[in-house]
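# Tertiary structure, described
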Amino acid sequence: MTSVSVAERTPDTSAKGTKGSVSVSLDLTGMTCASCANRIEKKLNKVDGVRASVNYATERASVQAPRGTTAEDLIAVVEAAGYGARETTVEPREERADVLLPRVQLAFTLAVPVIVVSMVPVLQFPGWQWLALLLTTIVVFWCGRSFHKAALTNMRHGATTMDTLVSLGTSVAWLWSVVAMFFGHAGVIGMTHGFTLTLDHADPMGSVYFEAAAGIVAFLLLGRWIEARSKREAGSAVKALLEVGAKEATILRDGAEVAIPAGELSLNDLIVVRPGEKVAADGVVTEGSSAVDAAIITGESLPVEVGPGSTVVGGSVNTTGRLVVKATAVGSATQVAQIARLVEEAQTGKAQAQRLADRITEFFVPAVLVLAMITFMVQLLVGSGATFALTAGIAVLIIACPCALGLATPSALLVGTGRGAELGVIIRGAQALEKARSVQAVVLDKTGTLTTGKMSVLSAEPADGASEAELLRVTAAVEAGSEHPIARAIVERGASVPAAEQFEALPGIGARALLDGVPVAVGSRRLLADQGIETASEPTPLGSEVFVVRDGALLGRIVVGDQLKPGAVEAVAALKELGLRPVLLTGDSQAVAETVAAQVGIEQVHAEVLPQGKAAVISGLQAEGMRVAMVGDGVNDAAALAISDLGIAIGAGTDAAMAASDLTLMREDLMGVVDAVRLSRATDRTIRGNLLWAFLYNVAAIPVAALGLLTPMIAGAAMACSSVFVVLNSLRLRNFS
């Protein structure tokens, strides 16, 4: 048994963590059902100071333990419970589906002849039951050995699981048949008997139930193989994240290019990225320009133009020019690694409804054993006969297995969070899904959320006789000598800027220069007043006004400000369609806030609010009985994100944003908020649908089996189909768009 890695982190202040704790991730082996996961989790949580969450779908335990607790201590706890643990790594683990497939194939190869010959009397040749005994023995005790091994292991530890039900049911059916053959007349050559889907009152010593034992094992193995295969597919998004990084990197050392494994990269290394290559680490472009495809991180389909000073994310693909990137984060510190860790942590979480299901399954298996015994006794007392009573009891054992309950939440959470990662939406666990379902209001920050957060030219209004191109060209020529953000925005908009002379800044007013020997001044309304020029234009609340005066005459006005993000109007409309009330929260002026709100269709506005006051606004809305989601950039909005019922950090991708928010969007598109809410609701609906199906299945199926209306083989097939239904229903989330 290998040791487990312990990743020490900063003191955990989450609800799950304890101060000064270490985080331990264990890959678990030997689990065969949700009851196993519950048992391991319960044992781990009995250790002082340990908080553990075990996910049956991912076969992984996420543990917060006090400093000083060793990984070996925790592995010992798992092994004492009868299971195994090993190091969690980014390498693909052994796929249970691949291990199960040969056993499934052998089981059906041997079980199908047994079932057919047992069901069709005309095919029952002399001695058929002895061949059925041989084939069934192989199916039950070789193909189905995992059921019996798990049952015995748990029995030694005084526990019962769903494997206990399967092992007991199939063993009793096989043993009863063997007794009837050796001590009754069921082994007589030439014996025949019919088959029905329901039980009948057959001669207890003249019937065999090999088809039930073999069929149960075959169907349950098939169900577990489909389940394991589906879980592997469901986790493909996280696996893709873990494998997205470059395997090699080319770095500059002493002016020469040197190829090294990506795992050996260090901070501040200069990485050469050619067209078609992956960026090996998070970093800043120092040389070159190109278009970089970061779809695996942001979900955006179009490449993004980058140049010197631009940040790039490890795992993104360089599409055109050669880049030199200075590494700012390597290995487990990269965004890809952090996202993968967050998604995996989310997948080990449990919804409130699943906690109820876990408590039920903890007591369910012992209750089923008692119920099966009661069924056997009652059927005997009412005169149904020993064979009828025994097979009814076996049917109860088999059909009552609550596997579907154990898969209801983790399967949906696995697929939903994985699909979210593909779309650039990072969901922090089942709790975030439950919050998103009940949110009533969405508070939107303005700068960086509704707007781009970057100065740009909103409008250019030339005076009579001038053109927009001329106005921009002249203004840019003067502003080229200034580093002010407003000046930079105008220069970026202007084309083929001519050279200006004798540039002079006018503090509090603007600037002036000579352009082709003609004096040009640019600045605020005060500039016009100083030069005695009047204008009929009204002040705009959207941004800053820049007036241009050439040779004593007004050339025009340029408005520079923060513009709406593409899709902002559509996103707000979509939030309203979801039944949510959008609210604008900003530190900007009331006039600007109301103008932006009117543009996007928001009625409720809170303006001129300082960063520390944003949390108070959220609290005020909550005091009105509203469940509030806050959407911000994850930095100055961190307090508001934390206090809100659902925090959504948009376009940040930083540690602060991820720590403060329940949902993190890795792209700037505001429609990502809509996608996040819709995906959260869809996942939550799937979880609840799975749980409802699982509860109703067990509630309805157990009485049917107890009344003798199902044979054990049909009960086994129904139980397997129930688990498969839950997993396949969850997989529908992969089609979310």
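Residues numbered from 1 in each chain as written. Predicted model: local features only at pLDDT ≥ 70, side-chain atom pairs only at ≥ 80, totals over all residues. Heavy atoms only, no water.

The protein carries the name Cadmium-translocating P-type ATPase in an unreviewed UniProt entry, which gives Arachnia rubra as its organism. Its UniProt record gives the protein the following Sequence similarities (unreviewed entry) comment, quoted word for word: "Belongs to the cation transport ATPase (P-type) (TC 3.A.3) family. Type IB subfamily." (UniProt positions renumbered as here; feature names shortened; annotations may be inferred.)

Bringing the overall build of the protein into the picture now. Across its full length, the protein carries 25 helices and 27 strands. A burial count over the protein gives 53% of its 737 residues as buried. Pairs at least 24 apart in sequence give 69% of the contacts found in the protein among residues at least 6 apart. For the protein, the exposed area adds up to about 30,600 Å²; of that, 59% sits on carbon and sulfur atoms. (Helix = DSSP H or I, 4+ residues; strand = E, 2+ residues; numbered from the N terminus. Buried < 20%, exposed > 50% of the residue type's maximum accessible area, 1.4 Å probe, protein only. Contact = heavy atoms within 4.5 Å. Areas by Shrake-Rupley, 256 points an atom, 1.4 Å probe, with all protein chains shown as cover.)

Judged by nonpolar contacts, the single largest core of 48 residues is most densely connected at Val-442, Leu-444, Leu-450, Ile-602, Leu-670 and Val-673. The biggest single contributor to this core is helix H24 (residues 671-706), with 8 residues. Other than its neighbours up to four places away in sequence, Leu-444 contacts Thr-449, Leu-450, Val-572, Leu-575, Val-583, Leu-584, Leu-585, Ile-602, Val-631 and Leu-670. Of all hydrophobic cores here, the second largest spans 37 residues; its members include Trp-174, Val-178, Phe-210 and Leu-220. (Core = buried A, V, L, I, M, F, W, Y, C linked by side-chain atoms within 4.5 Å.)

Attention now moves to unusual backbone geometry. The backbone of Asp-254 shows a phi angle near 55°, a positive value even though the residue is not glycine. Relative to the helices and strands, Asp-254 resides in the loop between strand S6 (248-253) and strand S7 (256-261). Its identity is not glycine, yet Asp-551 carries a phi of approximately 55°, on the positive side. On the secondary structure map, Asp-551 appears in the loop between strand S21 (544-550) and strand S22 (553-564).

One way to put it is that helix H19 (residues 568-577) packs onto H24 with a least axis distance of 8 Å and a crossing angle of 25°. Relative to H24, H19 is oriented roughly parallel. For the pair H19 and H24, the contacting residues are Glu-570, Ala-571, Ala-574 and Leu-575 in the first and Met-671, Val-673 and Val-674 in the second. When grouped by side-chain class, the residues that make up the contact of H19 with H24 number 6 nonpolar, no polar and 1 charged. (Axes fitted to C-alpha atoms, helices over the stretch in contact; angles between N-to-C directions. Parallel < 35°, antiparallel > 145°, perpendicular 65-115°, else oblique. Nonpolar A, V, L, I, M, F, W, Y, C, P; charged D, E, K, R; others polar.)

Quick look at the sheet that holds S7 now. Spatial strand order, S7-S6-S8-S14-S9-S12: 6 strands in an open sheet with antiparallel pairing. Strands at the two margins of the open sheet, each flanked by one partner only, are S7 and strand S12 (311-312). Here S6 pairs with strand S8 (residues 270-273) via 2 bridges, running antiparallel. In the sheet register, Ile-251 faces S8, and the bridge partner there is Ile-271. (Pairing = 2+ DSSP bridges.)

What follows covers the pattern of salt bridges. Using the criterion set out here, one finds 11 salt bridges in the structure. A salt bridge links Arg-557 to Glu-461; its shortest N-O distance comes to 2.9 Å. With Arg-557 in strand S22 and Glu-461 in strand S17 (residues 451-462), the pair connects residues that are 96 residues apart, well separated along the chain. The buried category is assigned to Arg-557, whose relative accessible area is 8%. With its nearest N and O atoms 2.8 Å apart, the salt bridge here joins Arg-550 to Glu-470. Highlighted residues: Arg-550 in strand S21 and Glu-470 in helix H16 (residues 468-479), separated in sequence by 80 residues. Assessed through its relative accessible area of 21%, Glu-470 is described here as partly exposed. (Salt bridge = Lys/Arg side-chain N within 4 Å of Asp/Glu carboxyl O.)

What follows covers the packing of aromatic side chains. Under the defined criterion, the tally for this structure stands at 3 aromatic pairs. Both rings, one in Trp-130 and one in Phe-182, keep their centres 5.4 Å apart while their planes meet at 90°; by these two values the pair is edge-to-face. Remark: Phe-182 occurs in helix H6 (residues 162-183) and Trp-130 occurs in helix H4 (residues 128-143); sequence separation between them is 52 residues. Seen from their ring centres, Phe-141 and Trp-174 are 5.0 Å apart, and the 85° between their planes marks the pair as edge-to-face. With Phe-141 in helix H4 and Trp-174 in helix H6, the pair connects residues that are 33 residues apart, well separated along the chain. When its relative accessible area of 34% is taken as the criterion, Phe-141 is described as partly exposed. One cation-aromatic arrangement involves Arg-145 over Trp-142; the distance from NZ or CZ to the ring centre is 4.1 Å. (Phe/Tyr/Trp six-rings, centres within 6.5 Å; stacked < 30°, edge-to-face > 60°. Lys NZ or Arg CZ within 6 Å of the ring centre and 35° of its normal.)

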